[in-house]
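Geometric and topological summary
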Amino acid sequence: MLNRPVEFWNMRAPTYDVTSGRIYAETYSKTAAKTAKYLKPTDQVLDFACGTGLIALYLAPCVSHIRGIDISPQMVDIAREKVQTQGVSNVEITNTDLFSPCLEPESFDAVTAFNVLLYLPDLSSSLARIRALLKPGGFFLTATDCLGSRPTKVAVQKFVKSHTGAMPYTAFFTQRGLERKIAQSGFTILERENLFPAPPNLFVAARKE
């Protein structure tokens, strides 16, 4: 049984780049490019659930510093190895939870969260925490599968796995439902675009008000 998130993502870590990273390579590229439009060279960025660092390393040249956090030690180890191998000096990867007190309120110009929102049992609390970590006017940039938008093979598989303990909690919100949740958490939606056909992978750019 892999219903504990840390265990599940540790298990996924060694093959993540050659499975999800390869299948969704074009989507990752689009996500990173759209995210980069909202970043400045002076920005301090938090990459929540950074995984193996796929997007953090892409964005590194665009900003002053990126703090990548993930609950999976094995994901963190892989991301750190990439940072070291590529000689990237402005990316720091740590095994840190979003609610850790080491992350200070209003200390980031942008918070990114890619392919993680659907795995959060208490999305409202997580969005409130993200908003608290942002400076006034800061950007929340996310891309997330919306499994409730239409029936897909992936959605059915994840529904079965999440209800049998083979993977952690998985949400089945729609694109509009996710937008509404973000807006209700004190953000203004600036941009939205579906980046993948099935299941829909919704990119959202929002600003803290």
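Whatever comes next refers back to the structure up there.
These lines cover the structure that appears in this document, whether it is placed above or below. (Residues numbered from 1 in each chain as written. Predicted model: local features only at pLDDT ≥ 70, side-chain atom pairs only at ≥ 80, totals over all residues. Heavy atoms only, no water.)

Section: helix H8 (residues 175-184)
All buried positions along H8 are accounted for by Gln 175, Gly 177, Leu 178, Glu 179 and Ile 182. As for H8, its buried residues are in contact with helix H6 (123-133), strand S5 (134-145), strand S6 (187-194) and strand S7 (201-208). Looking one or two places after H8, you find Gly 186, whose phi comes out positive at around 95 degrees. (Buried < 20%, exposed > 50% of the residue type's maximum accessible area, 1.4 Å probe, protein only. Helix = DSSP H or I, 4+ residues; strand = E, 2+ residues; numbered from the N terminus. Contact = heavy atoms within 4.5 Å.)

Quick look at unusual backbone geometry
Going from Ala 198 to Pro 199, the amide bond is cis rather than trans, its omega being 0 degrees. Structurally, Pro 199 can be placed in the loop between S6 and S7. Its identity as a non-glycine residue notwithstanding, Ala 49 has a phi of 60 degrees, on the positive side. Under the relative-accessibility criterion, Ala 49 is labelled partly exposed at 22%.

Details of a nonpolar patch on the surface
Residues Val 156, Phe 159 and Val 160 make up a contiguous nonpolar surface patch of about 270 Å² in total accessible area. Summarising the element assignment, Val 156 is placed in helix H7 (residues 153-164). When its relative accessible area of 51% is taken as the criterion, Val 156 is described as exposed. (Patch = residues over 30% accessible without salt bridge, like charges linked within 9 Å, V, L, I, M, F, W, Y side chains within 5 Å. Areas by Shrake-Rupley, 256 points an atom, 1.4 Å probe, with all protein chains shown as cover. Salt bridge = Lys/Arg side-chain N within 4 Å of Asp/Glu carboxyl O.)

Overview of the packing of helix H1 (residues 5-12) against helix H5 (residues 73-86)
One way to put it is that H1 packs onto H5 with a least axis distance of 7 Å and a crossing angle of 40 degrees. The orientation of H1 relative to H5 falls into the category oblique. Contacts between H1 and H5 pair Val 6, Trp 9, Asn 10 and Arg 12 from the former with Pro 73, Gln 74 and Met 75 from the latter. Split by residue class, the contact of H1 with H5 holds four nonpolar, two polar and one charged. (Axes fitted to C-alpha atoms, helices over the stretch in contact; angles between N-to-C directions. Parallel < 35°, antiparallel > 145°, perpendicular 65-115°, else oblique. Nonpolar A, V, L, I, M, F, W, Y, C, P; charged D, E, K, R; others polar.)

Concerning the nonpolar core
Most often, soluble globular proteins have nonpolar side chains that are buried together. With 63 residues, the main nonpolar core has Leu 117 and Phe 140 as its most contacted residues. Other than its neighbours up to four places away in sequence, Phe 140 contacts Val 111, Ala 113, Leu 117, Leu 127, Ile 130, Leu 134, Ile 182, Phe 187, Val 204, Ala 205 and Ala 206. (Core = buried A, V, L, I, M, F, W, Y, C linked by side-chain atoms within 4.5 Å.)

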